[in-house]
Amino acid sequence: MFFVSTRDKEDKVTPSQGILKGLADNSGLYVPHRIPKLDISIDRLSDMTYQEVAYEVMKLYFTDFTEDELKSCINNAYDDKFDTKEIAPIVNKDNAFFLELFHGPTIAFKDMALSILPYLMITSARKNDVNDDIVILTATSGDTGKAALAGFAGVDGTKIVVFYPNGGVSRIQELQMVTTKGDNTKVVAVEGNFDDAQTSVKKIFTDKALAEAIGKKGYRFSSANSINIGRLIPQVAYYVYSYSQLVAREEISNGDLINICVPTGNFGNILAGYYAKKMGIPIAKLICASNENKVLYDFFETGIYNKNREFVLTNSPSMDILISSNLERLIHLSCGMDSAQNLELMNDLAWDGSYQITDEMKKNLKDFYGGFASQEETCLKIREMYDKTGYVMDTHTAVAKCVYDKYVNETGDNTKTIIASTASPFKFTRSVMSAIDSKYDSMDDFTLVDELSSIGGLKIPQAIEDIRNADIRHNNKCKIEEMEEAVVSFLQ
Ligand SMILES: *Cc1c(COP(=O)(O)O)cnc(C)c1O
């Protein structure tokens, strides 16, 4: 297996090189040169633990890792940092299967990949005789930041810098990041939105002069964003696992089609679901759920991607994104991995803020259905679900549930469906509790945590207890154009 850049078919790397680099030259993304088929039956997978399934998936992509290396990465990642042995449990409520991806250390689905990425990266460095310290640069819409900090804090041979949009994340998300310990960490609030921060990070990555300058000091950059294949591939595992678990529980028979519905921002999570389908998991529709930043909904409707629009700050901030980086990987697939054609479209995006795909490419995307939910619909759905079942969804999961219900109404398709449940409601306590009852509006954040625990019958996650009384350790702010300087000064 090798990985190839979406923007240059001559740019090929081994899996470990791809993980180390993060982003290809001229901002291309690495993709597997072909998507492998699972070489084990679903019946056998349905007897396996999460860790065993993860191995069966990842071994097909990370082919230059030995069995011992990969298993050691997996077992170090998916251990009792997660609050359940199942790692990703499935909860059946109101005609949908909620795949709860938030049982890791920072209570969002980003833990599913970021708890393993540091191990993959250190192993990759060893494999390639890299002795430089690896500097992880991360732009976050709120959840990647803390998950990456938790993964890399204190890891020898790494440093990590996280940029989040000032005022663009929930109070709990912000507290999780700014209370992070570890000398190798730096957290900066940026005056701009996620897209600005991500674009600027990509620029820092591709700055050759800067790479050379920090190289002289013994550093090299890599990425913890889902542009890194070391992030994307581990996410495929939970789609394979959830299907095989539904078979094990006799909710479906082996071979039955299912749909998946994913609350989407940077398009990494849903793309992992598409990879699972291509590997042989019987997935019919991939329902892409957006919030009011519905650039992806418009794209699937019209074939035109257009980011020239108002950026809306919503109550599902981790999806407040107008440039969905991983869509590029799907575009590249939809034009038959033609890197020249993909490059042209991505240049259109960079220069004009929009591009249009061909009818032929659009036909290749027919498995995707785009939908969106307004903030008001999202709040109503949280309340409706709570009143009906007692189950408390976070705002992102609620966006997905709204879109799923719209999809069923519109199409009458009753295929069993997995909804990716991407965050614990404790991470967005204020929005969730206000949606349930306006009497909560006046309470402070940690009172709301206690109220949520009581009305939902939910144990307060350790991640929340950890920040209740923690000291603020990071108090940095900068402008978009000062981000590079912030990185350089951290490395002094
Ligand atoms: C990151 C995130 C998303 C969006 O996932 P993508 O892979 O960026 O599409 C959705 N919900 C939550 C809670 C997230 O943290």
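Relevant structure appears above.
Everything quoted here is computed from the prediction, not taken from an experiment.

A. Seen up close, the pattern of salt bridges. Applying the stated rule across the entire model yields 24 salt bridges. With a closest N to O distance of 2.8 Å, R7 and E328 form a salt bridge. Of this pair, R7 sits in the loop between strand 1 (3-5) and strand 2 (8-13) while E328 sits in helix 14 (residues 327-334); the two residues are 321 residues apart in sequence, bridging distant segments of the chain. R7 gets classed as buried once you look at its relative accessible area, which sits at 15%. K81 is the salt-bridge partner of D79, the closest N and O atoms lying 3.1 Å from each other.

B. Focus on the sheet that holds strand 15 (residues 417-421). Strand order in this open sheet of 6 strands is 4-5-15-10-11-14, and the pairing throughout is mixed. Looking at the sheet topology across the chains shown, the edges are occupied by strand 4 (90-93) and strand 14 (368-372). Ignoring which end each strand starts from, the neighbouring axes of this sheet average 25 degrees apart. As paired elements, strand 11 (residues 283-290) and strand 14 share 5 bridges and run parallel to each other. By the bridge assignment for strand 14, A289 is matched with G371. On the sheet, helix 12 (residues 268-279) packs against strand 10 (258-263), strand 11, strand 14 and strand 15 and is oriented at approximately 175 degrees with respect to strand 11.

C. Layout of the pairing of strand 9 (residues 219-223). Among the 5 residues that make up strand 9, 4 are buried, leaving the element largely enclosed by the rest of the structure. Sheet topology places strand 6 (residues 133-139) next to strand 9; 5 bridges connect them, and they run parallel. By the bridge assignment for strand 9, V135 is matched with F221.

D. Just helix 11 (residues 229-248), in detail. Here helix 11 is 20 residues long and its end C-alpha atoms lie 29 Å apart, about the 28 Å a rise of 1.5 Å per residue gives. Of all 20 residues that make up helix 11, 19 are buried, and the element is covered over most of its length. Between the side-chain oxygen at the start of helix 11 and the backbone nitrogen of G230 there is a gap of 2.7 Å, and the oxygen is on N228. Following helix 11 by one or two positions, E250 adopts a phi angle in the positive range, close to 60 degrees.

E. The pairing of strand 2, seen in detail. Here 3 bridges tie strand 1 to strand 2, and the two strands are oriented antiparallel to one another. From the neighbouring strand, V4 faces strand 2, where its bridge partner is K12.

F. Just the nonpolar core, in detail. One finds Y50, Y61, F62, F267 and Y355 to be the most contacted residues of the largest nonpolar core, which totals 110 residues. By residue number, the principal contributor to this core is helix 11, which donates 12 residues. Ignoring anything within four residues of it in the chain, the contact list for Y355 reads F299, G303, I304, Y305, L327, I331, L345, M346, D348 and L349. By size, the runner-up hydrophobic cluster in this structure holds 42 residues, among which are A96, Y386, V449 and I467.

G. Structural view of the site of the ligand. Taken together, 15 residues lie near the ligand, and K110, D143, G265, N266 and N269 sit nearest. Taking G268, its main chain carries an N or O atom lying 3.2 Å from an oxygen atom of the ligand. The protein chains hide 98% of the 380 Å² of surface that the ligand would expose on its own. A majority-of-atoms criterion places the ligand in the largest cavity. When the residues that make up the shell around the ligand are grouped by side-chain class, the tally is 5 nonpolar, 8 polar and 2 charged.

H. Expanded view of the environment of D444. Looking at the element boundaries, D444 is found in the loop between helix 19 (429-436) and helix 20 (445-456). D444 gets classed as partly exposed once you look at its relative accessible area, which sits at 46%. Sequence separation of D444 and I480 is 36 residues, and the distance between their C-alpha atoms is 31 Å. Within the local environment of D444, its side chain forms a polar contact with the backbone nitrogen of F446, the two atoms lying 3.0 Å apart. Within the structure, the side chain of D444 is placed 2.8 Å from the side chain of T447, a separation counted as a polar contact.

I. Local environment of a negative patch on the surface. There is a patch of like negative charges on the surface, built from E191, E481, E482, E484 and E485. By the secondary structure assignment, E481 is in the loop between strand 16 (476-479) and helix 22 (483-491). A relative accessible area of 63% means that E481 is categorised as exposed.

J. Up close: empty space enclosed by the protein. A full pass over the atoms with the stated rule returns 3 cavities of 30 Å³ or more. Looking at the largest cavity, its volume works out to about 280 Å³. As for the largest cavity, its lining consists of 28 residues, and the residues nearest its centre are F109, K110, G265, N266 and S318. Contributing elements (two or more residues each) for the lining of the largest cavity: helix 7 (143-152), helix 11, strand 10 and helix 12. The residue inventory of the lining of the largest cavity, partitioned by class, reads 11 nonpolar, 14 polar and 3 charged.

K. The layout of surface pockets, seen in detail. Roughly 750 Å³ of internal volume is contained in the largest pocket. Lining the largest pocket are 33 residues; nearest its centre among them are P105, I107, P461, Q462 and A463. When residues of the lining of the largest pocket are traced back to their parent elements, those giving at least two are helix 7 and helix 21 (462-468). With 4 residues, the top contributor of residues to the lining of the largest pocket is helix 21. Looking at side-chain class alone, the lining of the largest pocket contains 16 nonpolar, 10 polar and 7 charged residues. The computed volume of the second largest pocket comes to approximately 600 Å³. Surrounding the second largest pocket, 26 residues form its lining, T199, K202, I323, L349 and A350 being those nearest its centre. The biggest single contributor to the lining of the second largest pocket is helix 9 (residues 194-205), with 6 residues. Classifying every residue of the lining of the second largest pocket by side-chain character gives 10 nonpolar, 9 polar and 7 charged.

What counts and what doesn't
Residues numbered from 1 in each chain as written. Predicted model: local features only at pLDDT ≥ 70, side-chain atom pairs only at ≥ 80, totals over all residues. Heavy atoms only, no water. Salt bridge = Lys/Arg side-chain N within 4 Å of Asp/Glu carboxyl O. Helix = DSSP H or I, 4+ residues; strand = E, 2+ residues; numbered from the N terminus. Buried < 20%, exposed > 50% of the residue type's maximum accessible area, 1.4 Å probe, protein only. Pairing = 2+ DSSP bridges. Axes fitted to C-alpha atoms, helices over the stretch in contact; angles between N-to-C directions. Contact = heavy atoms within 4.5 Å. Expected span 1.5 Å × (residues − 1). Polar contact = N/O pair within 3.5 Å; in protein donor to acceptor, adjacent residues only side chain to side chain. Core = buried A, V, L, I, M, F, W, Y, C linked by side-chain atoms within 4.5 Å. Near = heavy atom within 4 Å. Areas by Shrake-Rupley, 256 points an atom, 1.4 Å probe, with all protein chains shown as cover. 1 Å grid on protein atoms, 1.4 Å probe; cavity = no way out; pocket = protein on both sides within 12 Å on 5 of 7 lines; lining within 4 Å. Sits in = over half its atoms within 2 Å of the grid points. Nonpolar A, V, L, I, M, F, W, Y, C, P; charged D, E, K, R; others polar. Patch = residues over 30% accessible without salt bridge, like charges linked within 9 Å, V, L, I, M, F, W, Y side chains within 5 Å. Lys, Arg positive; Asp, Glu negative; His and termini not counted. Charge placed at Lys NZ, Arg CZ, Asp CG, Glu CD. Points joined across faces, edges and corners; volume = space filled by probe spheres on them.

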